[in-house]
Amino acid sequence: MQKISRKFILLFVLPAFILYTTFVIYPFIYSFILSFYQWPGVGKKIFVGLKNFRDILVGPFAEEFRNAFVHNIYFFALTAIFELGLGFIIAVLFVTTIKGKRIFQTLVYLPNVISMILVGFIWNMMLNPQWGLVNKFLKTIGLGFLAKPWLGDPNLALNTIIAVNVWRHLGFYVLVFYAAIISIHPDLINAAYIDGANNFQIIRYIIFPMVVPTLQTLLILLFIWSFNVFDIVYALEGVQAGPFRSTDVLGTLFYRTAFGGLGSSRMDFGLGAAIAVIMFVIVVPLSMFYAYMAEKRRRS
Amino acid sequence: MLRTSRLTKLIIYAVLVVYVIIIITPFLMIFMNSFKSLREIFLKPFSLPSQFSLKNFVEAWKRANLTSAFANSIYVTTVSVLGILFVSSMLAYAISRYDFPFRRFLYIYIIAGLALPARLAIIPIYVILQKLNLLDTRLGLIIVYVSTGIAFATFLLKNFMDDIPKALEESAMIDGANPWTIFTKIDLPLIKHALVVVGVVNFVGIWNDFFFPLIIINSQGKETVPLAISIFFGEYSNQWNLISAALSMSVIPIMIGFFLLSRYFIVGITQGAVK
């Protein structure tokens, strides 16, 4: 490792260091400080101690907070089951001797490169109760009784949003699992064939155990991402996360609290920061664990 | 590679074809609807458009302000990506190649950024931008993207740099080249591939981002494409033919880019997340 003059070190390090400190680290710390204040964004900040946290966890906003929080957890559980489950199954289909894999893989990945908000608007049209393609299609094939107001029924709306989310992201999980599976040494599978194993046994006893580390990483990522959900709800149900807040998540609750949108119960930067802090506390330990694992894996 | 009988293969093809149809149908629908009249959308949802006039496209382009939206998106995304690559590669180079005080600490400090969800810190970011008079400016947006992109880019680029041999640099140093020359003439060309991967991943992320423009930008003429479309969607919520045309026009460029560069997309994004 070489020595270097201070002048050059400052030249290389400072631009990134200053930007990163000002717009990533400082805001993170400032959120914590702000969460102890009441502040509508202008005028004087009033120190209120832990009042914001009390309001959110046990006070007047507890119900709204719990509602959103439960939706995030539900979102995580369902996307984990469908995105990881289907992702694994389709990835296995790709490690067979079929032709045209590249084109299939490219198409499967396509929705991932489209902006989430645009995906939301496209599906908003697809799911329109009167003329949306989904209901029209169901009626055409004689399953008209299944045609539903997908986004208007409080019992369906969140599931519908999750389904759209699966549509957008599944390809990512397929490719990640595929990459993990093809890194398994072919001899392992060939030897199993020689020993008389069938495909199901190979999948169950060789492929699956080998992708468990990938699965764990993806679970952590999915959990973190589940608490970032915002765009898709915004596009399909608006910031009010209707009908009757049945699709509200912490992201939309946070947005309403900090930046308004009609009908928010109280608009306040301090209260918003308190919600952000609670979300930090849920997500950051896992993110740190993920970053730690990534760094460790790189070094081994 | 799993061996499969002809029947199994047939089933696999069938499953994949159905999956691909489910992926493609929504895009086909908005493309078709872009040519139709409202009446036609309602009455003949599955048929091809009766005429291929570009009327809807022209009108949607104008009303959704897509000229300025595309200009803004291209400007903000390009400058942000170049900014990320520039400051992160310098930082990665210093950490990877030289010994200086707090080097190890600096690396951990930056890597910690991988764990901080930037969106959650939007309130302080908003306040800082306000103080700097950068709220509702493209520059403000660019600065936020560059800052929040540093952790991930530095992490990946440092990894790549650690893997390249130092012999070339050492001989350049003996010849009296300074660190800046070595960086630009030797190291940057060697990590070209990594720069492309990091660039593509960030490009897609920033191009598609909706959250930061939603908060930071609020005047007409400064919106990026996702924000412009969202405003248009709100204002013309019943003009489905125009909305389809606007959506098509905003989706097509990124699709073309994706098909041309799919190799980098796929490598970058799968590696970026799980590596």
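Since we're looking at a predicted model, the values are computed, not measured. (Residues numbered from 1 in each chain as written. Chains lettered and ligands numbered in written order. Predicted model: local features only at pLDDT ≥ 70, side-chain atom pairs only at ≥ 80, totals over all residues. Heavy atoms only, no water.)

**A short note on the domain arrangement of chain B**
Residues and elements named next belong to chain B. Along its sequence, chain B is carved into domain 1 (6-53) and domain 2 (58-274). One C-alpha centre belongs to domain 1, the other to domain 2, and the line joining them spans 33 Å. On the domain 1 side of the contact with domain 2, Ile30, Phe31 and Leu38 bury the most area, a combined 57% of that side's loss. Applying the counting rule to domain 1 against domain 2 returns 0 salt bridges. Scanning the region where domain 1 abuts domain 2 turns up 4 residue pairs in polar contact (both at pLDDT 80 or more). Mapped by element, the contributors of at least two residues to the side of domain 1 that touches domain 2 are α1 (6-35) and α2 (38-43). Element by element, the count of residues in the side of domain 1 that touches domain 2 is highest for α1, at 5 residues. Here the side of domain 1 that touches domain 2 is built from residues that sort into 5 nonpolar, 3 polar and 1 charged. (Domains from an automatic or database assignment. Buried area = accessible area lost by both parts, 1.4 Å probe. Salt bridge = Lys/Arg side-chain N within 4 Å of Asp/Glu carboxyl O. Polar contact = N/O pair within 3.5 Å; in protein donor to acceptor, adjacent residues only side chain to side chain. Helix = DSSP H or I, 4+ residues; strand = E, 2+ residues; numbered from the N terminus. Nonpolar A, V, L, I, M, F, W, Y, C, P; charged D, E, K, R; others polar.)

**Here's the deal with helix α3 (residues 55-63) of chain B**
Residues and elements named next belong to chain B. By the burial criterion, the buried members of α3 are Asn56, Phe57 and Ala60. The buried residues of α3 occupy an angular sector of 95° when the element is viewed end-on, so they sit on one face. Residues Lys55 and Lys62 are exposed on α3 and point more than 90 degrees away from its buried face. Directly beyond the C-terminal end of α3, a positive phi value near 55° is found at Asn65. (Buried < 20%, exposed > 50% of the residue type's maximum accessible area, 1.4 Å probe, protein only. Arc of directions from axis to C-beta.)

**Quick look at the packing of aromatic side chains**
A complete count under the given rule lists 48 aromatic pairs over all chains for this structure. Seen in terms of ring centroids, A:Phe12 and B:Tyr93 are 5.0 Å apart; in terms of plane orientation they differ by 70°. Their pairing is edge-to-face. Placement of A:Phe12 in helix α1 (residues 6-34) and of B:Tyr93 in helix α4 (residues 66-97) is noted, with the two residues assigned to different chains. For the pair A:Phe12 and B:Tyr93, a shared accessibility class is recorded, and that class is buried. In this structure an aromatic cluster arises from ring pairing among A:Trp39, A:Phe230, A:Tyr234, A:Tyr255, A:Phe259, A:Phe269, B:Tyr126, B:Tyr145, B:Phe210, B:Phe211 and B:Phe212. Between the NZ or CZ atom of A:Lys45 and the centre of the ring of A:Trp39, over which it lies, the distance is 4.3 Å. Of note, A:Arg204 hangs over the ring of A:Tyr205, and the distance from its end group to the ring centre comes to 4.9 Å. (Phe/Tyr/Trp six-rings, centres within 6.5 Å; stacked < 30°, edge-to-face > 60°. Lys NZ or Arg CZ within 6 Å of the ring centre and 35° of its normal.)

**Thoughts on the pattern of salt bridges**
Two side chains with opposite charge may pair up if their charged atoms get near one another. Per the counting criterion, the structure on display carries 10 salt bridges over all chains. Ionic pairing is found between A:Glu64 and A:Arg256, a salt bridge with its closest N-O pair at 2.9 Å. On the criterion of sequence distance, the pair formed by A:Glu64 in helix α3 (residues 62-94) and A:Arg256 in helix α11 (residues 250-259) is long-range, its members being 192 residues apart. Neither A:Glu64 nor A:Arg256 differs from the other in exposure class; each is buried. Measuring nitrogen to oxygen at the nearest pair gives 3.8 Å for the salt bridge that ties B:Asp136 to B:Lys222. With a gap of 86 residues between them, B:Asp136 in the loop between α6 (122-131) and α7 (138-163) and B:Lys222 in the loop between α11 (211-216) and α12 (225-235) connect regions that are remote in the sequence. Looking at B:Asp136, the relative accessible area reads 14%, which means it is buried. The structure contains a network of salt bridges with shared partners spanning A:Glu64, A:Arg245, A:Asp248 and A:Arg256.

**Quick word on the layout of surface pockets**
Gaps between atoms show up when a probe of the same size as a water molecule is rolled over them. The calculated volume of the largest pocket comes to roughly 870 Å³. A:Trp123, A:Val134, A:Ala163, A:Trp167 and B:Ile22 are the residues nearest the centre of the largest pocket, which is lined by 29 residues in total. Among the elements of the structure, α3, α5 (116-126), α6 (133-140) and α7 (157-182) of chain A together with α1 of chain B are those that each provide at least two residues to the lining of the largest pocket. In terms of residue class, the lining of the largest pocket is built from 26 nonpolar, 3 polar and no charged. (1 Å grid on protein atoms, 1.4 Å probe; cavity = no way out; pocket = protein on both sides within 12 Å on 5 of 7 lines; lining within 4 Å. Points joined across faces, edges and corners; volume = space filled by probe spheres on them.)

**Points about the side chain of A:Gln105**
Within the secondary structure layout, A:Gln105 lies in helix α4 (residues 101-109). Owing to a relative accessible area of 10%, A:Gln105 belongs among the buried residues under this scheme.

**A short note on unusual backbone geometry**
Note that the residue after A:Gly242, namely A:Pro243, is joined by a cis bond; omega there is -20°. Checked against the element boundaries, A:Pro243 lands in the loop between α10 (231-237) and α11. Residue B:Phe102 is not a glycine yet carries a positive backbone phi of 65°. Assignment of secondary structure puts B:Phe102 in the loop between β1 (98-99) and α5 (103-111). Here the phi dihedral of B:Asp136 falls at roughly 60°; this positive angle occurs in a residue that is not glycine.

**Concerning the interface of chain A and chain B**
Taken together, the contact between chain A and chain B spans 105 residues of the former and 106 residues of the latter. When chain A packs against chain B, the two sides together hide about 9800 Å² of surface, and 78% of this comes from carbon and sulfur. Scanning the region where chain A abuts chain B turns up 1 salt bridge. Residues B:Arg119 and A:Asp231 are paired through a salt bridge, measuring 3.1 Å at the closest nitrogen-oxygen approach. On the surface where chain A and chain B come into contact, there are 17 residue pairs in polar contact (both at pLDDT 80 or more). At 21 residues, the largest contribution of residues to the side of chain A that touches chain B is made by α1(A). (Contact = heavy atoms within 4.5 Å.)

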